[in-house]
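Here is what each chain is made of, one letter per residue.
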Amino acid sequence: MSKDFLVMASGKYINCAVDSPVTNVSSSSSDSNGSNSSNSSVGKQPYRLYRFLTDLENILDQVKSDELRLKRIFPLVRRLLTESDWLQGEFREPDPDLGWSVLTLYEEPDFPLTVQTVVWLPGRHSPIHNHGTWGVVAVINGAERNRFWHRSPEPKHPDRIELVDERVLVPGEIIGFTPEAIHSVEVIGETPTVTFNLYGETDFQQRFEFDPVTHQATGF
Ligand SMILES: [Fe+2]
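Rules of the game
Residues numbered from 1 in each chain as written. Predicted model: local features only at pLDDT ≥ 70, side-chain atom pairs only at ≥ 80, totals over all residues. Helix = DSSP H or I, 4+ residues; strand = E, 2+ residues; numbered from the N terminus. Contact = placed C-beta atoms within 7 Å. Pairing = 2+ DSSP bridges. Axes fitted to C-alpha atoms, helices over the stretch in contact; angles between N-to-C directions. Buried ≥ 20, exposed ≤ 12 C-beta atoms within 10 Å, placed from the backbone. Core = buried A, V, L, I, M, F, W, Y, C linked by C-beta atoms within 7 Å. Expected span 1.5 Å × (residues − 1). Arc of directions from axis to C-beta. pLDDT = per-residue confidence, 0-100.

Caption draft 1: Spotlight on the overall build of the chain. On a plain count of helices and strands, the chain comes out with five helices and 13 strands. Across the chain, the fraction of contacts at a sequence separation of at least 24, relative to all contacts at a separation of at least 6, is 71%.

Caption draft 2: Here's a closer look at the environment of Glu-162. By the secondary structure assignment, Glu-162 is in strand 8 (residues 161-169). Along the primary structure Glu-162 and Arg-151 are separated by 11 residues, whereas in three dimensions their C-alpha atoms are 6.4 Å apart.

Caption draft 3: Geometry of the sheet that holds strand 4 (residues 114-120). Pairing is mixed across the open sheet formed by seven strands, whose spatial order is 2-1-9-6-11-4-3. Whereas interior strands pair on both sides, the edge strands pair on one side only; in this sheet they are strand 2 (13-15) and strand 3 (100-106). Strand-to-strand twist in this sheet, taken as the mean axis angle between neighbours without regard to direction, amounts to 20°. Sheet topology note: the strand 6 (residues 135-141)/strand 11 (residues 193-199) ladder contains six bridges and is antiparallel. Its bridge partner being in strand 11, Asn-141 is matched across the sheet by Val-194. Along the sheet, helix 4 (residues 66-83) makes contact with strand 1 (3-7), strand 6, strand 9 (173-177) and strand 11, crossing strand 6 at roughly 25°.

Caption draft 4: Structural view of the pairing of strand 9. For strand 9, a buried count of four out of five residues is recorded, marking the element as mostly surrounded by other parts of the structure. The pairing of strand 1 with strand 9 spans five bridges and is parallel. Each residue of the ladder has a partner; that of Lys-3, found in strand 9, is Glu-173. Direction of pairing for strand 6 relative to strand 9: antiparallel, over a ladder of four bridges.

Caption draft 5: Structural view of the nonpolar core. Membership of the largest hydrophobic core comes to 36 residues, with the highest contact counts inside it found for Val-7, Ile-73, Phe-74, Val-77, Val-136, Ala-138 and Phe-210. When residues no more than four places from it in sequence are discounted, the contact partners of Val-7 are Tyr-13, Phe-148, Ile-175, Gly-176, Phe-177, Thr-178, Ala-181 and His-183. Within the second largest apolar cluster, six residues are counted, among which are Phe-91, Val-118, Val-119 and Trp-120.

Caption draft 6: Here's a closer look at unusual backbone geometry. The backbone of Asp-110 sits at a positive phi, close to 65°, despite the residue not being glycine. Within the element layout of this structure, Asp-110 appears in the loop between strand 3 and strand 4. A positive phi angle is found at His-215, which is not glycine, with a value near 65°. As for its placement among the helices and strands, His-215 is situated in the loop between strand 12 (208-211) and strand 13 (216-219).

Caption draft 7: Spatial organisation of helix 3 (residues 49-62). A rise of 1.5 Å per residue sets the reference length of helix 3, with its 14 residues, at 20 Å; its end C-alpha atoms lie 20 Å apart and thus fit the reference within 8%. Regarding helix 3, the residues found buried are Arg-51, Phe-52, Asp-55, Leu-56 and Asn-58. Along the long axis of helix 3, the arc covered by the buried residues comes to 160°, so they all point the same way. Away from the buried face of helix 3 by more than 90 degrees, exposed residues Tyr-50 and Asp-61 are located.

Caption draft 8: Geometry of the confidence of the model for the chain. Taken over all residues, the pLDDT of the chain has a mean of 88, while the share at 70 or more is 87%. Element-level pLDDT for the chain is lowest in helix 1 (residues 24-33), with a mean of 40, against a maximum mean of 98 in strand 5 (residues 128-129). In the model, residues 19-41 has pLDDT below 50 throughout and makes 32 contacts with residues more than four positions away in sequence or in other chains.

Here is the structure:
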C-alpha cells in the first residue's frame, strides 16, 4: 500500500494512500491534456523526468487547490521513483561542515518548480520552518523524524507555535506539505538521509523559520 502523508497548517497529517493509487497516473496524464502523444508515452516506456514534469505541469494548470494538487502529485512522484532507477543514486555528497547537500535536478526560467535530491548527515536537523508553497518529500534512503507544528498565537507572541505531532519517515514513504504547514526534520540513525524534494513557486513573504523559545518568526 502507498504511504503518502499530507501535512496541514493545523499540524495534523492525513494518510492519502486511498486517494493516490499508482494506477491513477495514466488517467491523470491522459485526461489532463487530451493528447494521444502523452497517452502513448505511458505504456511500457520508462516514466522519465520530462514525462513527470509534463504531468506535473498539467496538474498545476488544472488544479488550484494545494491540497488537491498534492493528492494528485503523490502518485506521480511514487511512479517516478519506482521507475527511474537512476534517480535513486542521483545526489551530491554532503559537505561535512554544512551537514547537508542539495542537487538540483531541474531548473527552467519562468517555470518555478524546485526539483532536487537532498542529503542530510546523521545527527543533523533542520530549523522549524514552513515553505510558503506546496512541497513533496519522498524518502529514498535513511530515516528522518518529522515534527509537525502549528501556529498558536498569543497577544504577546503572534508567531508562537506548538508541537502537534511527529512521524518517522522511511524509504518508500512520501510526505506533502501545504504552504502553511510547519515542520522540522531530524536524521534518525547512523545513515544519511536521501530524499527527493519537489516544491512549487515559493512566496518568500510567507516562508518563515520559527523559534519555539523566543516565539519569533523570521524569513527563511
Ligand atoms: Fe521543509
